Amino acid sequence: MLSESALIDIRRHLHQIPELALHETATHAYLKEVISHYPQTWLTCKEPEALPTALLVKVAGSQPQRTIGYRADIDALPVTESQQLPFHSTHPGIMHACGHDIHMTVALGLLSYFAEHQPQDNLIFFFQPAEESESGGKQAYDLGLFTGDWQIDEFYGLHDNSDLATGTIGCCLGTLFAGTSEVNVTIHGTSGHAAFPHKANDAVIIAASFITQVQTIISRNIDPIACGVITFGKLTAGTIRNVIAGEARLEGTIRGLTEEMILFLRQRVSEVAAGVAQTYNAKIDVTFNQGGYFPVENDPRLTANFIHYMQRTPGVTFQETRPAMTGEDFGYLLHQIPGTMFWLGVDSPGALHAANFQPHEAAIMQGITAIQGFLTDRMQH
């Protein structure tokens with residue numbers, strides 16, 4: 001099995017070569033290079049032509065009763081790193097700000113162990129592209145990557161957590177992450193001279209009214225005990241200070257812990273847009289992405305078993321966590337295949353997706369030890 005120092009070197013190399021969804025060519029090549037140095041006796045690799053940056057590695061079990069899947073996402077975010085680390089990103093404007101370099105390194109550590117110690121059951125490691133966008137998990141499933149000899153009976157995966165102490169395993173029964181739906185809004189007003197506002201229809205004013213009214217959906221249309229989020233993180237309008245903007249475009253996200261909540265929020269956003277359009281005598285187009293990300297709903301039986309193992313195992317720090325409004329396309333895979341997603345604490349000073357996200361690397365070996373023990377235990381029951 002790889003040493004802790006070797007794993008940290010791998011993580012730092014991955015951190016330097018972050019790539020966006022479906023463009024993870026250097027990452028894919030490096031993963032293959034690392035795995036090529038493992039014992040190959042029980043390993044089989046699969047590189048699907050239809051999803052070329054994906055990589056699946058099967059470890060043949062000695063007496064397989066099932067096939068257990070383990071997923072690690074490999075893409076990065078369009079974030080400019082704010083810290084000048086010795087191993088900072090060498091790709092301008094792109095960063096592993098969500099810790100997928102940690103995810104990959106933990107998976108490589110687990111794979112190195114089972115390449116040397118043949119598991120009882122079959123194991124399939126899925127290095128998945130396009131988690132942050134483009135729904136890589138859904139693409140993989142819809143392409144039939146998990147059929148035939150590659151069929152998976154139960155799936156596991158982690159996400160690092162900047163708020164949990166380094167090495168802590170966090171999980172909960174039921175929904176771990178929210179489902180998401182992206183929303184785009186285009187407001188069509190009438191441009192004009194800043195000095196003659198009565199001859200124009202200001203798209204900026206309309207956009208401001210729309211954003212304000214949309215926020216009342218959360219505060220006044222849903223049960224306070226329920227959970228929902230509507231955030232518009234991008235607003236684009238206008239070209240110069242003395243011209244009234246005739247068009248504005250907003251990009252946002254909707255999140256809920258159930259599909260029913262997401263559908264309700266989508267409906268109310270459309271209704272608010274129609275009302276604002278009528279009020280301002282404008283046209284407002286609202287579109288939603290197809291499908292969105294499903295909530296990450298952990299399988300009750302498998303997750304209870306996972307939690308029980310982590311709670312009773314010496315050396316493992318476990319914390320029961322609450323559902324988070326974070327989106328994750330592992331939810332689509334868990335919608336099709338029973339399994340569990342869990343947290344790995346990395347105690348970063350910066351939050352997930354932040355330019356100063358800096359996970360503690362001690363979490364890598366602690367995570368590998370806990371997960372390797374769980375997978376071994378799972379195969380015996």
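Shown above is the structure to which this text applies.
Just so it is clear, the model here is predicted, and its values are computed rather than measured.

*Asks:* Before we go on, may I ask you to explain the overall build of the chain in this structure?
*Replies:* Counting its secondary structure elements, the chain contains 9 helices and 16 strands. For 381 residues, the compact-globule estimate of 2.2 N^0.38 gives 21 Å, and the chain sits close to it at 23 Å. Viewed in the frame of its principal axes, the chain has a C-alpha envelope of about 75 × 45 × 40 Å. Buried residues in the chain amount to 53% of all 381 residues. Within the chain, contacts between residues at least 6 apart in sequence are counted, and of these 80% link residues at least 24 apart. As displayed, the chain has an accessible area near 16,500 Å², and 51% of this comes from carbon and sulfur atoms. Positive and negative charge centroids in the chain, built from 21 and 39 side chains respectively, lie 6 Å apart.

*Asks:* Would you mind showing me how to read the packing of aromatic side chains here?
*Replies:* For any two aromatic rings, the description comes down to two numbers: the centre-to-centre distance and the angle of the planes. Evaluation of the coordinates by the stated rule reveals 13 aromatic pairs. Each member of the aromatic cluster is reached from another via a ring pair, and the members are Tyr156, Phe306, Tyr309, Phe342 and Phe374. A cation sits over an aromatic face here: Lys199 above Phe196, 5.3 Å from the ring centre.

*Asks:* Which parts of the structure should I look at to understand the side chain of Thr168?
*Replies:* Counting through the fold element by element, Thr168 comes out in the loop between strand 5 (154-161) and strand 6 (169-171). Once residues within four sequence positions are removed from consideration, Thr168 is found in contact with Thr317, Phe318, Gln319, Trp343, Leu344 and Gly345.

*Asks:* Looking at this model, I keep getting lost on the pairing of strand 4 (residues 122-128). Mind explaining?
*Replies:* Sheet faces and side chains relate simply in a regular strand, where the side chains alternate between the two faces. Taken across its 7 residues, strand 4 has 7 buried, putting it largely inside the fold. Bridge analysis of strand 2 (residues 55-59) against strand 4 gives 5 bridges, and the strand direction is antiparallel. Bridge pairing links Val59 to Leu123 in strand 4. Taken together, strand 3 (residues 67-73), helix 3 (residues 100-116) and strand 4 form a β-α-β motif whose crossover is right-handed.

*Asks:* So what exactly am I meant to see when it comes to the state of the cysteines here?
*Replies:* Here a disulfide denotes a covalent bond joining the sulfur atom of one cysteine to the sulfur atom of another. The tally for this structure, following the rule as stated, stands at 0 disulfides. Left without a disulfide partner, Cys172 is nearest to the cysteine sulfur of Cys171, which lies 5.9 Å away. Judged by relative accessible area, which is 3%, Cys172 ranks as buried. Counting only cysteine sulfurs, Cys172 is the nearest neighbor of Cys227, a cysteine outside any disulfide, at a range of 12 Å. Using a relative accessible area of 34% as the deciding quantity, one classes Cys227 as partly exposed.

*Asks:* Can you walk me through the sheet that holds strand 16 (residues 339-345) in this structure?
*Replies:* Strand pairing within a sheet occurs via backbone hydrogen bonds; the two strands may be parallel or antiparallel. The strand order 1-2-4-3-5-16-6-14 describes an open sheet built from 8 strands, whose pairing is mixed. This sheet does not close on itself; its edge strands, each paired only once, are strand 1 (43-46) and strand 14 (318-320). Going across the sheet, the axis of each strand differs from the next one's by a mean of 25°, ignoring polarity. In this structure, strand 6 lies alongside strand 16, joined through 2 bridges in antiparallel fashion. Paired with Gly170 across the two strands is Trp343, which belongs to strand 16. Where helix 2 (residues 25-36) meets the sheet, it contacts strand 1, strand 2 and strand 4, and its direction lies at approximately 20° from that of strand 2. Running at roughly 35° to strand 16, helix 7 (residues 300-312) makes contact with strand 5, strand 6, strand 14 and strand 16 of the sheet.

*Asks:* Would you take a moment to explain the nonpolar core for this structure?
*Replies:* Most often, soluble globular proteins keep nonpolar side chains buried together rather than apart. Counting residues in hydrophobic clusters, the biggest one holds 59 residues, and the most contacted among them are Val106, Phe125 and Phe127. The greatest single-element share of this core, amounting to 10 residues, is contributed by helix 3. Once residues lying within four places of it in the same chain are set aside, the contact partners of Phe125 are Leu55, Leu56, Val57, Val59, Tyr70, Ala107, Leu110, Leu111 and Phe114. With 26 residues, the next largest nonpolar core counts Ala207, Leu250, Val269 and Val272 among its residues.

Rules of the game
Residues numbered from 1 in each chain as written. Predicted model: local features only at pLDDT ≥ 70, side-chain atom pairs only at ≥ 80, totals over all residues. Heavy atoms only, no water. Helix = DSSP H or I, 4+ residues; strand = E, 2+ residues; numbered from the N terminus. Rg over C-alpha atoms; globule rule 2.2 N^0.38 Å. Buried < 20%, exposed > 50% of the residue type's maximum accessible area, 1.4 Å probe, protein only. Contact = heavy atoms within 4.5 Å. Areas by Shrake-Rupley, 256 points an atom, 1.4 Å probe, with all protein chains shown as cover. Lys, Arg positive; Asp, Glu negative; His and termini not counted. Charge placed at Lys NZ, Arg CZ, Asp CG, Glu CD. Phe/Tyr/Trp six-rings, centres within 6.5 Å; stacked < 30°, edge-to-face > 60°. Lys NZ or Arg CZ within 6 Å of the ring centre and 35° of its normal. Pairing = 2+ DSSP bridges. Right-handed = clockwise from strand over helix to strand, strands pointing away. Disulfide = S-S within 2.5 Å. Axes fitted to C-alpha atoms, helices over the stretch in contact; angles between N-to-C directions. Core = buried A, V, L, I, M, F, W, Y, C linked by side-chain atoms within 4.5 Å.

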